[in-house]
Amino acid sequence: MNAMTPSNQLIVLEDVSKMFGDFQALKDVNLTVKPGEKVVVCGPSGSGKSTMIRCINRLERHERGRIFVDGVELTDKRTDIDAVRGEVGMVFQQFNLFPHLTVLENLTLGPLRVRKLSKADAEARAMDYLAKVHIPEQAQKYPSQLSGGQQQRVAIARSLCMEPRIMLFDEPTSALDPEMISEVLDVMSDLAETGMTMIVVTHEMGFARRVADTMVFMDAGEIVEKAPPETFFTKPRSERCQTFLQKILAH
Amino acid sequence: MNIFKHISTARTALLILLFGFAVSGCSANWGWYVVSPSTEQGRINLGFLLGGLKYTLALSITAIAISVVVGLLIALPGLSEKRPVRAINRVYVELVRAVPILVLILWVYYGLPQIADISISVFWAGVIALALSDSAFQAEIFRAGIQSIDKGQHEAAQSISLNYTDTMRYVILPQALRRILPPLGNQLVYMLKMSSLVSVIGMQELTRRANELVVTEYRPLEVYTILVLEYLVLILIVSAGVRWLERRLRSDERQ
């Protein structure tokens, strides 16, 4: 455990900033996440939500500030990045399943190559998580043979097979047809109940109310509002957050 | 199996071609006896010509096997984010691609032994020259294939902590390979044809043997016609094989 970080925090972002060319994607972002905490991040598109969580497992490189995951500071060092990625699972908007591999092979690749599990152990683990996302019968199929909702649940299972301590969700239901959204959100709610630490970028406010411990509103690369859901939805302090909530809760 | 369908297409094409020759033969002075299977000498000549096939195949297949590996190794630095690393790829591709294959064959066979102080057989000189030349094209094909794979695939692999080698081996290359199969097939056909150039340094492949037979028999029309047919059959079979492989891999992915 790094002496610089408070020991009860699993994720710490300190004054994190990032530019894309002239565009300031993140501006002095500060965020702490406790073990088991569920953070839901919302905000208009281009507000830096995705960039922020992508920095946490180093899919993006932050330029200023510091990021700690379980006491390990994310730097350019390969060992640090690997250590952090081993703890952090990620679910993408576009699923990003491996199309040339079966569902089972998608799930066992990481455990076999990274965790060095035996084939039998990796497959047992994969079937276990497939059962948890309610699609064990699809194990031998290819991703293109599944519906969007099923694919996203496979993607969640693929991350879980690495047994991470933290799960990041980057708009996991935005690419789905409406009738498939709930099956993915249900799986995520189940996961939340197991005590998993989660950061979820989403506009699904019903899910947020049910699951979030902390709501975060971002705009123009900054965290504008951070509050428990009761306060966040009933009396948001900032005007930007009020306007945003009115827009997305209107329908 | 569909490969037979392609072979029968090839056979039809051959028959049409032969028929064409037979008809046009009315005016030209044909002398098919030099390669007639019904005479002793014809059989010997035919056997001599066809005997070059194993060298053409050995030469092309060895060369392409090497050039695929070298091409991939040259393609990878071309994908780096660091400019000096990318420069390795650019310099290799631009230099090698600029030299005509025939010139490369002559240089490797006559020039290389002098500077490197080694003796090199005709076969290996041919293989090295063909592989070197082809590797620059393979490198470009691989680079394009790898770049065509969605960024999300790399990110998904990173998110489950796969290292660079495993990401390439299990995630990126298997997908890239499916996409670049048509241009790879093209290169294979091209190499089969370019192997005829190795005849200039004395490799006993199809073209060299045809040349030698022409010198003893004075029947260029018939002998070179057989040579044309030999390449045609060979390449139609290879194309059919590549197409069969494409279909097999596609059904594997079921997209």
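Preceding this section is the structure that the text describes.
Here we summarise the structure given alongside this text. All figures in this text were calculated on a predicted structure; none of them were measured in a lab. (Residues numbered from 1 in each chain as written. Chains lettered and ligands numbered in written order. Predicted model: local features only at pLDDT ≥ 70, side-chain atom pairs only at ≥ 80, totals over all residues. Heavy atoms only, no water.)

**Some thoughts on the overall build of chain B**
Looking only at helices and strands, chain B has ten helices and zero strands in total. Tracing chain B from N to C terminus, the helices and strands come up as α-α-α-α-α-α-α-α-α-α. When each of the 255 residues of chain B is scored for burial, the buried share is 45%. Surface accessibility of chain B: about 13500 Å² in total, with carbon and sulfur atoms responsible for 67%. (Helix = DSSP H or I, 4+ residues; strand = E, 2+ residues; numbered from the N terminus. Buried < 20%, exposed > 50% of the residue type's maximum accessible area, 1.4 Å probe, protein only. Areas by Shrake-Rupley, 256 points an atom, 1.4 Å probe, with all protein chains shown as cover.)

**Let's talk about the overall build of chain A**
When helices and strands are tallied, chain A shows nine helices and ten strands. Along the first, second and third principal axes, the C-alpha set of chain A runs to 50 × 45 × 35 Å. Contacts spanning at least 24 positions in sequence make up 65% of the contacts within chain A whose residues lie at least 6 apart. Counting only carbon and sulfur atoms, one obtains 48% of the accessible surface of chain A, whose full area is about 10600 Å². Taken as two groups, the 30 positive and 34 negative side-chain charges of chain A have centres that lie 3 Å from each other. (Contact = heavy atoms within 4.5 Å. Lys, Arg positive; Asp, Glu negative; His and termini not counted. Charge placed at Lys NZ, Arg CZ, Asp CG, Glu CD.)

**Some points on the packing of helix H2 (residues 40-50) of chain B against helix H9 (residues 206-217) of chain B**
Residues and elements named next belong to chain B. Running from N to C, H2 and H9 cross one another at 150 degrees; their axes reach a closest spacing of 8 Å. The angle between H2 and H9 places the two elements in the roughly antiparallel class. Each of Gln41, Asn45, Phe48 and Leu49 in H2 lies in contact with H9, whose residues at this interface are Leu206, Arg209, Ala210, Glu212, Leu213 and Glu217. Split into classes, the residues belonging to the contact of H2 with H9 amount to five nonpolar, two polar and three charged. (Axes fitted to C-alpha atoms, helices over the stretch in contact; angles between N-to-C directions. Parallel < 35°, antiparallel > 145°, perpendicular 65-115°, else oblique. Nonpolar A, V, L, I, M, F, W, Y, C, P; charged D, E, K, R; others polar.)

**As for the nonpolar core**
All names here are of chain A. Ile156, Met167, Phe169, Met188, Met198, Met215 and Phe232 are the most contacted members of the largest nonpolar core, which totals 48 residues. Here this core takes eight residues from helix H6 (residues 178-193), the largest share from any one element. Met215 has contacts with Val40, Cys42, Met205, Ala208, Glu225, Lys226, Ala227, Pro229, Phe232 and Phe233, leaving out every residue within four places of it along the chain. (Core = buried A, V, L, I, M, F, W, Y, C linked by side-chain atoms within 4.5 Å.)

**What about the environment of Arg247(B)?**
Residues and elements named next belong to chain B. Note on placement: Arg247 falls in helix H10 (residues 220-253). Arg247 sits in the partly exposed class, given a relative accessible area of 31%. Taking the C-alpha atoms as reference, Arg247 lies 9.8 Å from Arg178; in sequence the two are 69 residues apart.

**Details of unusual backbone geometry**
Notably, Asp15(A) is not glycine yet its phi reads approximately 45 degrees, a positive angle. Here Asp15(A) lies in strand S1 (residues 11-20).

**A look at the interface of chain A and chain B**
Contacts between the two partners involve 23 residues from chain A, matched on the other side by 23 residues from chain B. Across the chain A/chain B interface, buried area totals approximately 2100 Å², and carbon plus sulfur atoms make up 55% of it. A salt bridge links Asp166(B) to Arg113(A), with the nearest nitrogen and oxygen atoms 3.2 Å apart. Connecting chain A to chain B are nine residue pairs in polar contact (both at pLDDT 80 or more). Ranked by the residues each element gives to the side of chain A that touches chain B, the list is headed by helix H3 (residues 103-113) of chain A, at three residues. Split by residue class, the side of chain A that touches chain B holds twelve nonpolar, seven polar and four charged. (Buried area = accessible area lost by both parts, 1.4 Å probe. Salt bridge = Lys/Arg side-chain N within 4 Å of Asp/Glu carboxyl O. Polar contact = N/O pair within 3.5 Å; in protein donor to acceptor, adjacent residues only side chain to side chain.)

**Let's talk about empty space enclosed by the protein**
Residue and element names in this part refer to chain A. Applying the stated rule across the entire model yields one cavity of 30 Å³ or more. The computed volume of the largest cavity comes to approximately 40 Å³. Elements with a contribution of two residues or more to the lining of the largest cavity: helix H2 (78-87) and strand S6 (88-91). A class-by-class count of the residues in the lining of the largest cavity yields four nonpolar, four polar and one charged. (1 Å grid on protein atoms, 1.4 Å probe; cavity = no way out; pocket = protein on both sides within 12 Å on 5 of 7 lines; lining within 4 Å. Points joined across faces, edges and corners; volume = space filled by probe spheres on them.)

**Regarding the side chain of Arg153(A)**
One can find Arg153(A) in helix H5 (residues 148-160). Discounting residues that sit within four places of it in the chain, Arg153(A) has contacts with Val133(A), His134(A), Ile135(A), Glu183(A), Val184(A) and Val187(A).

**Regarding the sheet that holds strand S9 (residues 214-219) of chain A**
Residue and element names in this part refer to chain A. One open sheet accounts for six strands, arranged S6-S7-S8-S3-S9-S10; its pairing is mixed. At either margin of the open sheet sits one strand with a lone partner, and together these are S6 and strand S10 (222-227). Going from strand to strand, the sheet's axes swing by 20 degrees on average, the running direction of each strand aside. Judged from the four bridges that link them, strand S3 (residues 38-42) and strand S8 (residues 197-201) form a sheet pairing that is parallel. In the strand pairing of S8, Val39 is matched with Ile199. Running at roughly 65 degrees to S6, H2 makes contact with S6 and strand S7 (166-170) of the sheet. (Pairing = 2+ DSSP bridges.)

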